Amino acid sequence: MRPTASRLLNILVPVKRTIDYAVKIRVNPDQKGVDLSVKHSMNPFDEIAVEEAVRLRKKLKDAVKSIKVVTIGPSKSTETLRTALAMGADSGIHVEISDSAPPPEPLGVAKVLRAVIEKQKESGGIDLVILGKQAIDDDQGQTGQMLAGLLDWPQATFASKLVVNAEKREANITREIDGGLQELKCKLPLVVTTDLRFHVLNAHILPSEPHYASLPNIMKAKKKPIEKFTPADLGIDLTPRIETVKISEPPKRVGGGKVENVDELIAKLKEAGITAVKA
Amino acid sequence: MLSRHLAHRIALRPTAKAVRLAHSLSALRLNTVNEQDVEHFSKILPKTSVLSTLAPVSTASSELEIYNTDWINKYHGKSTTVLRPRTTKEVSEIVKWCHERRIGIVPQGGNTGLVGGSVPVNDELVLSLGNMNKIRSFDPVSGILVADAGCILESLSEYLAPENHIMPLDLGAKGSCQIGGNVATNAGGLRLLRYGSLHGSVLGLEVVLPDGTILDQLSVLRKDNTGYDLKQLFIGSEGTLGIITGVSILTAPAPNASNNVILALPSFDNVKPLYQEAKRQLSEILSAFEFIDRTAYDLAVKHGQGRALNEEDVEGAECFVLVETSGGNREHDEAASISKLNGLLESLLEADQPLINTGVLSQSPAQFAQLWAIREGLTEAVSKEGKAYKYDISIPLGSFQEVVDTTREHLRSKGLMRDDAVKYVVGYGHVGDGNLHLNVIAAAFTPEIEAALEPFVYELVSKYKGSVSAEHGIGLMKTHALHYSKNATSIELMKRIKNLFDPHGILNPGKVLP
């Protein structure tokens, strides 16, 4: 029996173009930013989110009506959307900012995403937002939570397992928390942020290593539609509210030293100003 | 390691070749290292540079095993003494002494050679360059790097990376092989297609001659036509004419836009037209074109080399080709090279008679490395699977599969294609250079398998007027096969040159020349 229209799911996956995780970061001389003229690629947590959406479709088949990917970034971010499309997403939305604009902050991003989701109501709405738990450039980890708050939707963050029941419009999520795992049951529409362990548990492949994009998919991806907006089109002002005062590298590790015996160790500890705890 | 010991015992059975060789070496009347020699070496070198099972040093013989055994675990020397000098002067002193005493020397770099050229035949002295590992200078304007011979290739690459330069050669052994050894063997590798051979990129050498004289031709000049180009003799001489102690080499600007793709081909026949198409459409940005047959790929995946392609992409593929493109380092070069590559891939997929089934294009630096890991890990995968008879040959591009299949059929006709004899016959290699690495993977090295393969493979290569050693060199393994690719006049001249440089015959005796 074909699922009825009200039970078809539209999934939205926000992705971010970040400096590739393998690149060595160099702080700029002005200490306000880092060298950006290096290799960029999709935020690894977002790769997991895209992969998870594609896997959900494999499982739920026709119940997943569409997988849309959205990004907020300069013109080069289109490449990131194309990668997501090659991985199996259906269409993309590029909220384009100028190349020289400051990187958007989580609250700004969440507001843009809410505006995008509002717009999507015209074509069936969004039932599930899956995004990475944090971006590896700023490590903020706030966007998913803020978005859920703005939308007044339930949220399941740091998820490592997601099971969706399209008929009942419910999802069971396992969350990674300090000390173990937490299981939640949520109603759709829902915001989920992905943790690394998604892959270990679900796909028997290494964390943060989605499938290679095969050529036919890459060719197909070129023809998939990408809608373009500016933040102004959506009525959002992305002016930063936070000022970066200073960025610096962690202090260089100073070499250690070897001591010959316990007496020397005690002497060196005393020198360093470390005193014994009173028994 | 149990299997190593087992193989050791089996391999120690002398082959007919080894017996012949022992005779010819004794004809050279070389002397064995004795305690007085070791005492002398201990005086001119620091303690840490002398390893010897002889008194007064008395190192455990197990410590010398890595110097006495080659990478494939096929050749086992019986040297009692390994010296690890730190300076060119020390190398010169050692060679001077050995010249007087007529002691055979095996110069050794990373010991990653595949033709038994870097380990002793008998008990020759091993002179390891491993302690000479300093970078002497680098000029970022000209790109000329001067380094000690013992510098590991990967370390040199890492040094050059922040300077936005790369070494003009790259090979799977990069983590262990040393630049001196690379030059002595005229190593080819994965980048030769784009950057040419060491005969072109090496600008100067510092060599210790067989009588201990230091020949300093460590020039940093790009162009210098003054007299005979002696360094060309040492490049590829495999340590038989001199010991390389310093190298001056021209490095290349690092390409910024590097991409790679592994293409799955339904039939081997498509490799040649694919190469033509790739050359035509990619032209100057084509930097590597490597062939991997289906069995080799399966072995790489089995032994965890790199990350496997998706199941659907691999179905029906008879072989794979890895194509790498490297653009320049300006922004529009990146866009230009991606569009050239995409253009090629589109035309391949949409052709009436597609040359490829599908392919996998790297989407990030991590995936780029993973795709290369599959190709670079083949040698290791083969070694893990069994004992490999390696034939590194140059033959016409279109004949690769024929040679692999013919060899397999020949072994089958001898009843040797069985789990306890020959497990697999695989082919992979630098197809863009016409260079095939034919690997016959056996359960153990046996005289029976060897007799079935040689001279069969060499005669097969001869039929195609190919080379019995495209890049691996002659070493100990192919001295008797030299005549398949070089005529008597050439070999005679080589012997005369050897005699001129090394009248006492002390440098790497038994190697290269029959």
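Everything below is about the structure printed above this text.
Asks: Quick one: what's the story with the overall build of chain A, residue by residue and with numbers?
Replies: Looking only at helices and strands, one finds seven helices and 12 strands in chain A. If you line up chain A on its principal axes, its C-alpha atoms span 80 × 45 × 40 Å. Within chain A, the fraction of its 279 residues that count as buried is 43%. Restricting the contact set of chain A to residue pairs at least 6 apart, pairs at least 24 apart contribute 69%. Only carbon and sulfur atoms are counted for the fraction: they give 54% of the accessible area of chain A, which is about 15,500 Å². With 42 positive and 36 negative side-chain charges, chain A shows a spacing of 5 Å between the two charge centroids.

Asks: Please provide a residue-by-residue account of the pairing of strand β17 (residues 422–430) of chain B, values included.
Replies: All names here are of chain B. Among the nine residues of β17, seven are classified as buried, and the element is accordingly described as predominantly covered. Relative to β17, strand β13 (residues 286–293) runs antiparallel, the two sharing two bridges. When the sheet's bridge partners are listed, Ile-292 is paired in β17 with Tyr-428. Summarising the sheet, β17 and strand β18 (residues 435–442) pair through eight bridges and their orientation is antiparallel. Paired with Gly-427 across the strands is Leu-438, a residue of β18. Following β17, the chain reverses through four residues before pairing antiparallel with β18; Gly-434 in that reversal takes a positive phi of roughly 70 degrees.

Asks: Give a detailed account of empty space enclosed by the protein, specifying residues and quantitative values.
Replies: All names here are of chain B. Within this structure, the stated rule accounts for two cavities of 30 Å³ or more. When its volume is computed, the second largest cavity comes out at roughly 40 Å³. The wall of the second largest cavity is formed by Pro-168, Leu-169, Ala-187, Gly-188, Leu-192, Gly-196, Ser-197, Leu-198 and Ser-201. Of the residues that constitute the lining of the second largest cavity, the class distribution is five nonpolar, four polar and no charged.

Asks: Help me get a handle on the pattern of salt bridges, residues and values and all.
Replies: Counted by the stated rule, this structure contains 33 salt bridges over all chains. Of the charged contacts in the structure, one is a salt bridge between A:Asp137 and A:Lys16, with a shortest N-O distance of 3.0 Å. In this pair, A:Asp137 is assigned in the loop between β6 (128–132) and α4 (143–151) and A:Lys16 in the loop between β1 (9–14) and β2 (17–19), connecting sequence segments 121 residues apart. A relative accessible area of 40% places A:Asp137 in the partly exposed class. Its relative accessible area of 22% is what places A:Lys16 among the partly exposed residues. We note a salt bridge from B:Arg136 to B:Asp148, for which the minimum N-O separation is 2.7 Å. Of the two residues, B:Arg136 is situated in strand β5 (residues 135–139) and B:Asp148 in strand β6 (residues 144–148); the sequence distance between them amounts to 12 residues.

Asks: Got a sec to walk through helix α5 (residues 88–101) of chain B? Specific residues and values, please.
Replies: One full turn of an α-helix is made of 3.6 residues, so residues set three or four places apart face in the same direction. All names here are of chain B. Over its 14 residues, α5 extends 20 Å from the first C-alpha to the last, a length consistent with the 20 Å expected when each residue adds 1.5 Å. Residues Thr-88, Glu-90, Val-91, Ser-92, Ile-94, Val-95, Cys-98 and His-99 constitute the buried set of α5. Arg-102 lies just past α5 and shows a positive phi near 55 degrees.

Asks: I'd love a proper account of the packing of aromatic side chains, names of residues and values included.
Replies: Residues and elements named next belong to chain B. Evaluated as defined, the whole model comprises nine aromatic pairs over all chains. Taking the centre distance of 6.2 Å and the plane angle of 90 degrees together, the rings of Phe-138 and Tyr-159 count as edge-to-face. Here Phe-138 is found in strand β5, whereas its partner Tyr-159 is found in helix α6 (residues 153–160), with 21 residues between them in sequence. Tyr-159 sits in the partly exposed class, given a relative accessible area of 33%. An aromatic cluster of three or more residues is present, and its members are Phe-268, Phe-291 and Phe-400.

Asks: Give me the lowdown on the layout of surface pockets, citing residues and values where you can.
Replies: Here the idea is plain: a probe the size of a water molecule rolls over the atoms and shows the empty space left. All names here are of chain B. One number sums up the size of the second largest pocket: a volume of about 1,000 Å³. For the lining of the second largest pocket, the secondary structure elements donating two or more residues are β3 (105–108), α7 (179–184), β10 (243–250), α15 (365–376), α16 (378–385), β16 (387–394), β17 and β18. Per-element accounting of the lining of the second largest pocket gives the leading share, four residues, to α7. Looking at the lining of the second largest pocket, its residues break down into 16 nonpolar, 27 polar and six charged.

How each quantity is defined
- Residues numbered from 1 in each chain as written.
- Chains lettered and ligands numbered in written order.
- Predicted model: local features only at pLDDT ≥ 70, side-chain atom pairs only at ≥ 80, totals over all residues.
- Heavy atoms only, no water.
- Helix = DSSP H or I, 4+ residues; strand = E, 2+ residues; numbered from the N terminus.
- Buried < 20%, exposed > 50% of the residue type's maximum accessible area, 1.4 Å probe, protein only.
- Contact = heavy atoms within 4.5 Å.
- Areas by Shrake-Rupley, 256 points an atom, 1.4 Å probe, with all protein chains shown as cover.
- Lys, Arg positive; Asp, Glu negative; His and termini not counted.
- Charge placed at Lys NZ, Arg CZ, Asp CG, Glu CD.
- Pairing = 2+ DSSP bridges.
- 1 Å grid on protein atoms, 1.4 Å probe; cavity = no way out; pocket = protein on both sides within 12 Å on 5 of 7 lines; lining within 4 Å.
- Points joined across faces, edges and corners; volume = space filled by probe spheres on them.
- Nonpolar A, V, L, I, M, F, W, Y, C, P; charged D, E, K, R; others polar.
- Salt bridge = Lys/Arg side-chain N within 4 Å of Asp/Glu carboxyl O.
- Expected span 1.5 Å × (residues − 1).
- Phe/Tyr/Trp six-rings, centres within 6.5 Å; stacked < 30°, edge-to-face > 60°.

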